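In case you want the letters, here they are:
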Amino acid sequence: MKETAKETSKEKKFMDWFTEILQTAEIYDYRYPVKGCGVWLPYGFKLRELTLKILRELLNETGHSETLFPLLIPENMLQKESEHIAKFEEEVYWVTRGGLNDLKVKYALRPTSETAIYPMFSLWIRSHRDLPVKIYQVVNVFRYETKTTRPIIRVREVMSFKEAHTAHATKEEAEKQVEEAVQIYSKFFDKLALPYLILKRPEWDKFAGAEYSIAFDTIMPNGKRLQIGTIHYLGQTFSKPFEIKYEDVNGQQKYVYQTCYGISGRPIAALIAIHADERGLTLPPNIAPIQAVIIPIYTKENREKVMGYCKEVFSLLKDNGFRVKLDNAEDETPGSKYYKWELRGVPIRVEIGEREVEKSEVTVFRRDKLERRSVKRGEIIGELKKLEKEIHLNLKERAWGKMREKIRLTRTLREVIKTVEEGKIAMAPWCGKNSCIKEIENETGFNVLGTPLNVEPPAENCFNCQKEAEKIIYIGKSY
Ligand code: P5A
Ligand code: ZN
């Protein structure tokens, strides 16, 4: 479907801004000479690492074990499950040569790791006592994306792909695992102060090989949906071709039930775009590489006195577990330092000059609300800890508010189209029949995003066929 010129230029403007800010804030440089590949810069790497740490903790504390599988997948393994290969075929990179020799068996660069992990599951799982298996890995995956590539959002080498894979004795246990994954991912996105919709994807948008897929979607500032995580119930789709069997308590051989779920770098793209303002990024304190930056303001005469005090405050913050930086660069004005760290999203700035030293206090500036206030020296730690919580809460509430503003309840197809064309996401009562909405994607170029879980049927008629509605459906533009 063709986008109108106006929409294209709006999208281009947003992407230009996004690409530019990633670079100037020293997060990610998209100028690498391979399409769809970019470089995580030191500051961005730290942000990525802190984000990863949160997810690792959530997975570890719920009984997932970290593993590491090879990058290469032999062709016959990748092809073992027919639906899976049918969808991934056009996105796979192949290794066909080793040095000077043509390889007898081609190797795929993993586009995801089901077909790397499940042959090993079939060796490891023998008895009901081996179950459940809950593992995850953090790896690079390669997808020869045919849609327009975008920095971090749609790349061909997905870095830090966090994928979990589980195996269970029964369908019930596997579906319980899906629920646990929904809880884990909800907590994860809450910690990034990201708003989300949890939607069951329509039949035609399921993961390759899944019985059903549940996705976390957020809405970018330009109104487009960005999928930031997915959870798939696989049933026995893979366990049968891969022969992943166990002996139950009665000595019978049974196929396991499986789930898998994954998150890429997209949440970082989302939190950068969603929390940003005209001055640049605003990072939630729990993942900010620098949580507080101290800026000394001095003249030739009082330099030593001010710097001495700054160093004391620096040590105080450091000793109390803050990720703190004292910006003591000589050749920059305080103003240009403010500008630099605001752009990079440092949530708290501590300004120290003659006045602060004399009064034994500091001036604290919060990045999210752009507000300043004085804090007594003896109260710095308590106040800054409190402030971090306030900033997190404010960012989270502001972002949820902005997302809600972008969703509109619509009752007719005309309203749906109007809403989405205005750059919003439409929410509509729907009869629940795929045949009713199947053509909408082709006719409008919009995406059917899915239905929310556990929502009562609305007492209204389907926006399209006017029959009784059974579900709510979300429709919008998407990355
Ligand atoms: C779940 C983990 C899977 O691959 N296998 C293992 C399952 N699901 S998925 O939906 O295909 O991908 C998981 C998440 O990765 C993000 N993603 C991408 N991010 C950036 N660039 C890409 N090219 C890309 N492709 C997928 C999506 O956010 C998805 O939720
Ligand atoms: Zn209908």
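Heads up: the structure comes first, above all this text.
Each value, and the rule that gives it
- Residues numbered from 1 in each chain as written.
- Chains lettered and ligands numbered in written order.
- Predicted model: local features only at pLDDT ≥ 70, side-chain atom pairs only at ≥ 80, totals over all residues.
- Heavy atoms only, no water.
- Helix = DSSP H or I, 4+ residues; strand = E, 2+ residues; numbered from the N terminus.
- Rg over C-alpha atoms; globule rule 2.2 N^0.38 Å.
- Buried < 20%, exposed > 50% of the residue type's maximum accessible area, 1.4 Å probe, protein only.
- Pairing = 2+ DSSP bridges.
- Axes fitted to C-alpha atoms, helices over the stretch in contact; angles between N-to-C directions.
- Contact = heavy atoms within 4.5 Å.
- Donors = N, O, S within 2.8 Å, 3.2 Å for Na, K, Ca; no water.
- Tetrahedral: all angles 85-135°; square planar, octahedral: opposite > 155°, others 65-115°.
- Near = heavy atom within 4 Å.
- Polar contact = N/O pair within 3.5 Å; in protein donor to acceptor, adjacent residues only side chain to side chain.
- Areas by Shrake-Rupley, 256 points an atom, 1.4 Å probe, with all protein chains shown as cover.
- Nonpolar A, V, L, I, M, F, W, Y, C, P; charged D, E, K, R; others polar.
- Core = buried A, V, L, I, M, F, W, Y, C linked by side-chain atoms within 4.5 Å.
- Expected span 1.5 Å × (residues − 1).
- Arc of directions from axis to C-beta.
- Salt bridge = Lys/Arg side-chain N within 4 Å of Asp/Glu carboxyl O.

Peer 1: I'd like to hear about the overall build of the protein chain, residue by residue, with values.
Peer 2: Looking only at helices and strands, the protein chain features 14 helices and 23 strands. The globule rule puts the C-alpha radius of gyration for 479 residues at 23 Å, and the 25 Å found for the protein chain is close to it. With the C-alpha coordinates aligned to their principal axes, the bounding extent of the protein chain is approximately 80 × 55 × 50 Å. Each of the 479 residues in the protein chain was classed as buried or not, and the buried ones make up 55%.

Peer 1: Which residues make up the sheet that holds strand S19 (residues 371–376), and what are the values?
Peer 2: With respect to topology, five strands assemble into an open sheet ordered S16-S15-S17-S18-S19, the strand pairing being mixed. Both outer strands of the open sheet, strand S16 (324–326) and S19, are each paired with one neighbouring strand and no more. Shown here is a sheet whose adjacent strand axes are inclined to one another by a mean of 25°, direction ignored. Note that strand S17 (residues 348–352) and strand S18 (residues 361–366) share four bridges and pair antiparallel. When the bridges of S18 are listed, Ile-348 appears paired with Arg-366. Those strands touched by helix H9 (residues 334–343) are strand S15 (292–296), S16, S17, S18 and S19, and its axis lies near 170° from that of S15.

Peer 1: Describe the coordination of the zinc ion (ligand 2), naming the residues involved and giving the relevant values.
Peer 2: Those donors, Cys-431 (SG), Cys-436 (SG), Cys-462 (SG) and Cys-465 (SG), are the protein atoms that reach the zinc ion (ligand 2), and they lie 2.3 to 2.4 Å from it. Metal-centred angles of 105 to 115° between the four donor atoms at the zinc ion (ligand 2) mark the site as tetrahedral. Of note, the donors binding the zinc ion (ligand 2) are all from one chain and are spaced C-x4-C-x25-C-x2-C. Of this pair, Cys-431 sits in the loop between strand S21 (425–430) and helix H13 (434–437) while Cys-465 sits in the loop between strand S22 (447–452) and strand S23 (471–476); the two residues are 34 residues apart in sequence, bridging distant segments of the chain. Judged by relative accessible area, Cys-431 falls into the buried class, the value being 5%. On the accessibility criterion, Cys-465 (30% relative accessible area) is partly exposed.

Peer 1: Any details on the site of ligand 1? Residues and values, ideally.
Peer 2: Taken together, 22 residues are adjacent to ligand 1, and Glu-114, Glu-145, Val-155, Thr-230 and Ser-264 come closest. Taking Val-155, its main chain carries an N or O atom lying 2.8 Å from a nitrogen atom of ligand 1. Starting from 590 Å² of accessible surface for ligand 1 in isolation, the protein chains cover 95%. Sorting the residues of the shell around ligand 1 by element identifies strand S8 (157–168), strand S11 (225–235) and strand S14 (257–263) as the ones contributing at least two each. A per-class count over the shell around ligand 1 returns eight nonpolar, eight polar and six charged.

Peer 1: Before we move on, could you go through the nonpolar core and cite the residues and values that matter?
Peer 2: Counting residues in hydrophobic clusters, the biggest one holds 78 residues, and the most contacted among them are Ile-27, Tyr-185, Phe-189, Ile-231 and Ile-272. Dropping the residues within four chain positions of it, Ile-27 is found in contact with Leu-22, Val-39, Trp-40, Leu-41, Tyr-43, Gly-44, Leu-47, Ile-272 and Leu-281. Residues Ile-125, Ala-167, Phe-207 and Phe-242 belong to the second largest nonpolar core, which totals 28 residues.

Peer 1: Would you mind going over helix H8 (residues 303–319) in detail, with residue names and values included?
Peer 2: An ideal rise of 1.5 Å per residue puts 24 Å on 17 residues; H8 measures up with 24 Å between its terminal C-alpha atoms. When H8 is considered as a whole, its buried residues turn out to be Val-306, Met-307, Tyr-309, Cys-310, Val-313 and Leu-317. With its buried residues spanning 160° around the axis, H8 presents them on a single face. Across H8 from its buried face, at more than 90 degrees, point the exposed residues Glu-304, Lys-318 and Asp-319. A positive phi of about 85° marks Gly-321, the residue just after H8.

Peer 1: Give a description of the pattern of salt bridges that names residues and reports values.
Peer 2: Applying the stated criterion to the full structure yields 39 salt bridges. Across the pair Glu-312 and Arg-377 runs a salt bridge whose closest N-O atoms are separated by 2.8 Å. In this pair, Glu-312 is assigned in helix H8 and Arg-377 in the loop between S19 and helix H11 (380–405), connecting sequence segments 65 residues apart. When the shortest N-O distance is used, the salt bridge between Arg-373 and Glu-383 registers 3.1 Å. Of the two residues, Arg-373 sits in strand S19 while Glu-383 sits in helix H11, which places them ten residues apart along the sequence. For Arg-373, a relative accessible area of 35% gives the class partly exposed.

Peer 1: Please give an account of helix H5 (residues 114–124) that cites residues and values.
Peer 2: Burial runs high along H5: eight of the eleven residues are buried. Buried within H5 are the following residues: Glu-114, Thr-115, Ala-116, Ile-117, Tyr-118, Pro-119, Phe-121 and Ser-122.

Peer 1: Give me the lowdown on the pairing of S14, citing residues and values where you can.
Peer 2: Summarising burial for S14: six of the seven residues are buried, a large majority. Relative to S14, S8 runs antiparallel, the two being bridged by seven bridges. When the bridges of S14 are listed, Glu-163 appears paired with Gly-262. Examined bridge by bridge, S11 and S14 share five bridges and lie antiparallel to one another.

Without other data, these values stay purely geometric and don't point to any function.
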